[in-house]
Amino acid sequence: PFSLMLIDVNHFKLLLEQYGLTGANECINAFAKHLSKSGRDFSKRLNSKNKLTIYHIADANFVVVYTAQDCSITIDDLLSGVQSRLSQAILTPFGEMRMGFNCGVTRFPTSNNYNELLLHANIALEEAVKRNVPFAHFDSESGAKHARKIYIARRLETAIEKQQFELYFQPKMK
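For clarity, every value in this text was computed on a predicted model and none was experimentally measured.

Trainee: Explain empty space enclosed by the protein to me, please; I cannot follow it from the model alone.
Mentor: One way to see where empty space is left: roll a probe the size of a water molecule over the atoms. Throughout the structure, instances matching the rule amount to 1 cavity of 30 Å³ or more. By volume, the largest cavity amounts to about 70 Å³. Together, M5, I7, L35, S38, G39, L52, I54, V64, L78, L79 and V82 line the largest cavity.

Spelled out as structure tokens, the structure:
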């Protein structure tokens, strides 16, 4: 069993506007080093066969794969530790910065293939952003909400293509 965490660094667009692409990437690299250090500290504290692997997948997005051989430390403990460490100022080429993140978590074998794993992690990430919390776990309720949104969007697209909408103007009387 393993957990997949999708991490999104907050306010990347502001970093781009403030420092340009090169400067924003330098800030993200500083975040990545801090995240990596947090992971190493966590692994040392664990002193077990659990494996933590971090991937930088795009701009301000990271994937963390946590392979748990034992369940003595939970994902919540890991994320709380990372959040605590990252709440401290991070040294960047532009001085010290506080950089927040949101994270969506899913577990294998709950999700059966890599597409589903990433989708579930992304749904959980959206849930964390919506609830304004650092991290959220994928659950069947959020999965059902997402499936309902997709269903409605597809039905609307079909209705638009088939011109099944009618527009009525109603005058306002004073």
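Trainee: I keep staring at the sheet that holds strand 6 (residues 101-108) and nothing clicks. Help me out?
Mentor: Sheet strands associate in pairs through backbone hydrogen bonding, adopting either a parallel or an antiparallel arrangement. A sheet is described by the order of its strands in space; here 5 strands give the open sequence 2-3-1-6-7, paired in mixed fashion. The strands lining the two open edges of the sheet, one partner per strand, are strand 2 (51-58) and strand 7 (135-137). Strand-to-strand twist in this sheet, taken as the mean axis angle between neighbours without regard to direction, amounts to 20 degrees. With 3 bridges connecting them, strand 6 and strand 7 associate as parallel partners. Among the inter-strand pairings, G104 is bridged to a residue of strand 7, identified as A136.

Trainee: So what exactly am I meant to see when it comes to the nonpolar core here?
Mentor: Here is a general trend for soluble globular proteins: nonpolar side chains tend to be buried in one another's company. M5, F31 and M99 are the most contacted members of the largest nonpolar core, which totals 30 residues. Those elements that provide at least two residues to this core are strand 1 (2-9), helix 1 (12-46), strand 3 (61-67), helix 2 (75-86) and strand 6. Residues in contact with M99, not counting those within four places in the same chain, are V9, L15, C27, I28, F31, L86 and I90. With 6 residues, the next largest nonpolar core counts L6, V65, A121 and L125 among its residues.

Trainee: Hey, could you run me through the environment of A136 in this one?
Mentor: Mapped onto the elements of the fold, A136 is located in strand 7. Measuring from C-alpha to C-alpha, the distance between A136 and N112 comes to 19 Å, with 24 residues separating the pair along the chain. Ignoring sequence-local partners within four residues, the contact set of A136 consists of C103, G104, V105, A124, E127, A128 and R131.

Trainee: Just to check I follow, could you spell out the side chain of N102 for this structure?
Mentor: With respect to the helices and strands, N102 occurs in strand 6. Polar side-chain contacts of N102 include one of 2.8 Å to the backbone oxygen of V133. Residue contacts for N102: discarding those within four places in its chain leaves L6, I7, D8, N10, L125, A128, V129, V133 and P134.

Trainee: Could you clarify how one ought to interpret the pattern of salt bridges in this entry?
Mentor: Close approach of charged atoms allows side chains with opposite charge to pair. This structure, assessed with the given rule, holds 2 salt bridges. For R131, the salt bridge identified is with E127, shortest N-O distance 3.9 Å. Highlighted residues: R131 and E127, both in helix 3 (residues 114-131), separated by 4 residues, approximately one helical turn. Look at E127 and you get buried, because its relative accessible area is 13%. Notably, a salt bridge pairs K145 with E141, separated by 3.8 Å at the nearest N-O pair.

Trainee: Where do I start with the pairing of strand 3 in this structure?
Mentor: Looking along a regular strand, one sees the side chains alternate between the two faces of the sheet. Strand 3 sits mainly inside the fold: 5 of its 7 residues count as buried. The sheet contact formed by strand 1 and strand 3 spans 7 bridges and is antiparallel. Bridged to L4 within strand 3 is V65. As paired elements, strand 2 and strand 3 share 7 bridges and run antiparallel to each other. Paired with A58 across the bridge in strand 3 is N61. Here strand 2 hands over to strand 3 after 2 residues, with D59 in that stretch at a positive phi of 25 degrees.

Conventions used here
Residues numbered from 1 in each chain as written. Predicted model: local features only at pLDDT ≥ 70, side-chain atom pairs only at ≥ 80, totals over all residues. Heavy atoms only, no water. 1 Å grid on protein atoms, 1.4 Å probe; cavity = no way out; pocket = protein on both sides within 12 Å on 5 of 7 lines; lining within 4 Å. Points joined across faces, edges and corners; volume = space filled by probe spheres on them. Pairing = 2+ DSSP bridges. Helix = DSSP H or I, 4+ residues; strand = E, 2+ residues; numbered from the N terminus. Axes fitted to C-alpha atoms, helices over the stretch in contact; angles between N-to-C directions. Core = buried A, V, L, I, M, F, W, Y, C linked by side-chain atoms within 4.5 Å. Buried < 20%, exposed > 50% of the residue type's maximum accessible area, 1.4 Å probe, protein only. Contact = heavy atoms within 4.5 Å. Polar contact = N/O pair within 3.5 Å; in protein donor to acceptor, adjacent residues only side chain to side chain. Salt bridge = Lys/Arg side-chain N within 4 Å of Asp/Glu carboxyl O.

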